[in-house]
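Listed here are the chains, written in short residue letters.
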Amino acid sequence: MDTLWSSMVKRKQEITFQKNIFLWVRVKRKVFLGCNMSSIVLFGPPGAGKGTQATAIMGKTGLPQVSTGDMLRAALSKGTDLGLEAKEYMEAGKLVPDELILLLIEERLKEKDAENGVLFDGFPRTIPQAESLSKITDVSMVISIEVPDENIVERIVGRRMDPETGEIFHVKFKPAPSEIKNRLIQRKDDTEETVRSRLNAYHSQTAPLAGFYQELGVLKIINGNQNIVDVTNSIIELLV
Ligand code: AP5
């Protein structure tokens, strides 16, 4: 009993310490750098609809989307060292090591359009990523799109992407106009087998972040198991 109590007290102290650190970093950034950067995180399992909903959030907030998945795929198609290193993890449905992801994020956040904050899509995905992020930017809201695992496989396997515009479609839930259907592509990791590994990685390494952000008071939960427009409307309500 004593051990349980002391571990609860210890955890509480850790949370208070973490909150104070966040506050300190925030004040320091404002006072010394004159910068008031505040970001939003889109959080949820693979196929929850993060990329789909990012467009509406960008329109509403003006924040640029920063998708680590898109950045890794771009690095891979350019054949950079980082892209090649990430390749085997992505194709196996595993998370890319934190050090590589944090390098990408640090570089991206130096860009001019990121100075007032960004919309993170698919980042952070581990507690160390979230802790590193807290030293770079405030996170004002984490939008968690919840979808049961049994709906995820159908979404992922039916996903198609327009390589010219980046728009995301679905063979059943969001069919593309017939004039562009021939140019649509399917992601290499969008197979039934890989999605199961991605879901495992999500539950073991990423889902604990919900508790992390809940304790910081910024987590907002959205039912992602509705049609796309209803999910968008629920998110927009959070942003007004
Ligand atoms: P990433 O590209 O981030 O993939 P993901 O998180 O698995 O997310 P998805 O892009 O698959 O799904 P989404 O939630 O954006 O859904 P979407 O809107 O497209 O990451 C890929 C890989 O890169 C990872 O596996 C990992 O290896 C690596 N990686 C990336 N970031 C990392 C990080 N921070 N740390 C470590 N490794 C990292 O929707 C899916 C489909 O469903 C679409 O067809 C869409 O039309 C449809 N749909 C959307 N909403 C609905 C709805 N409400 N109803 C019906 N259908 C819907």
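Residues numbered from 1 in each chain as written. Predicted model: local features only at pLDDT ≥ 70, side-chain atom pairs only at ≥ 80, totals over all residues.

A.B. asks: Would you mind showing me how to read the pairing of strand β1 (residues 38-43) here?
C.D. replies: Look at any regular strand and the pattern is simple: side chains alternate between the two faces of the sheet. A large share of β1 lies buried, amounting to five of its six residues. Where β1 lies against strand β4 (residues 138-146), six bridges are found, and the strand directions are parallel. Residue pairing for β4: L42 is matched across the bridge by I143. As judged from the three bridges shared by β1 and strand β3 (residues 119-121), these two strands associate in the parallel manner. Counterpart to V41 in the pairing with β3 is F120. (Buried ≥ 20, exposed ≤ 12 C-beta atoms within 10 Å, placed from the backbone. Helix = DSSP H or I, 4+ residues; strand = E, 2+ residues; numbered from the N terminus. Pairing = 2+ DSSP bridges.)

A.B. asks: Any chance you could explain the site of the ligand here in plain terms?
C.D. replies: Neighbouring the ligand are 35 residues, the closest being P46, G49, G51, G69 and G122. Taken together, the elements giving at least two residues each to the shell around the ligand come down to α2 (50-61), α3 (68-78), α4 (81-92), β6 (168-170) and α10 (228-239). Looking at the shell around the ligand residue by residue, the class counts come to 14 nonpolar, 14 polar and seven charged. Each of domain 1 (29-63 + 117-240) and domain 2 (66-115) accounts for three or more of the residues forming the shell around the ligand. (Near = placed C-beta within 6 Å. Nonpolar A, V, L, I, M, F, W, Y, C, P; charged D, E, K, R; others polar. Domains from an automatic or database assignment.)

A.B. asks: Looking at this model, I keep getting lost on the sheet that holds β3. Mind explaining?
C.D. replies: Through backbone hydrogen bonds, the strands of a sheet pair up, either in parallel or in antiparallel fashion. Spatial strand order, β2-β3-β1-β4-β7: five strands in an open sheet with parallel pairing. Every other strand in the sheet has two partners, leaving β2 (65-67) and β7 (219-223) as the edge strands with one partner each. The sheet shows a mean angle of 20° between the axes of neighbouring strands, taken without regard to direction. Inspection of the sheet shows β2 paired to β3 by three bridges, in the parallel sense. The residue bridging V66 from the neighbouring strand is F120, located in β3. Strand contacts of α10: β4 and β7, with the helix running at about 155° to β7, the strand carrying the most contacts. (Axes fitted to C-alpha atoms, helices over the stretch in contact; angles between N-to-C directions. Contact = placed C-beta atoms within 7 Å.)

A.B. asks: Sorry if this is basic, but what is going on with the packing of helix α5 (residues 98-108) against helix α6 (residues 127-134) here?
C.D. replies: For any two helices packed against each other, one specifies the inter-axial angle together with the distance between the axes. At a closest axis distance of 10 Å, the pairing of α5 and α6 adopts a crossing angle of 30°. By the angle class used here, α5 and α6 are roughly parallel. α6 is crossed by α5, and the crossing has right-handed handedness. Across the interface between the two elements, D98, I101 and L102 from α5 touch P128, Q129 and S132 from α6. The residue makeup of the contact of α5 with α6, split by class, is three nonpolar, two polar and one charged. (Parallel < 35°, antiparallel > 145°, perpendicular 65-115°, else oblique. Left-handed = near helix turned anticlockwise from the far one by under 90°.)

A.B. asks: Please clarify how the environment of L219 should be interpreted in this entry.
C.D. replies: Note that L219 resides in strand β7. Assessed through the 19 C-beta atoms surrounding it within 10 Å, L219 is described here as partly exposed. In this structure the C-alpha to C-alpha distance between L219 and S144, which are 75 residues apart in sequence, comes to 7.0 Å. Not counting residues within four places of it along the chain, the set of residues in contact with L219 comprises V142, S144, A210, Y213 and Q214.

A.B. asks: Even after reading the chapter, I still don't get the nonpolar core, so can you show me in this structure?
C.D. replies: Within soluble globular proteins, side chains that are nonpolar generally end up buried alongside one another. Ranked by size, the top nonpolar core spans 28 residues in total, and within it V41, L42, L119, F120 and I143 carry the most contacts. Elements supplying a minimum of two residues to this core: β1, α2, α5, β3, β4, α7 (149-157) and α10. If sequence neighbours within four positions are ignored, L119 has contacts with I40, L42, A54, I57, M58, T61, L63, P64, Q65 and V66. (Core = buried A, V, L, I, M, F, W, Y, C linked by C-beta atoms within 7 Å.)

A.B. asks: Any chance you could explain the environment of H170 here in plain terms?
C.D. replies: For H170, the position within the fold is in strand β6. In sequence terms H170 and R160 are ten residues apart; their C-alpha atoms lie 5.7 Å from each other. If we skip the residues at most four places from it in the chain, H170 touches R155, G158, R159 and R160.

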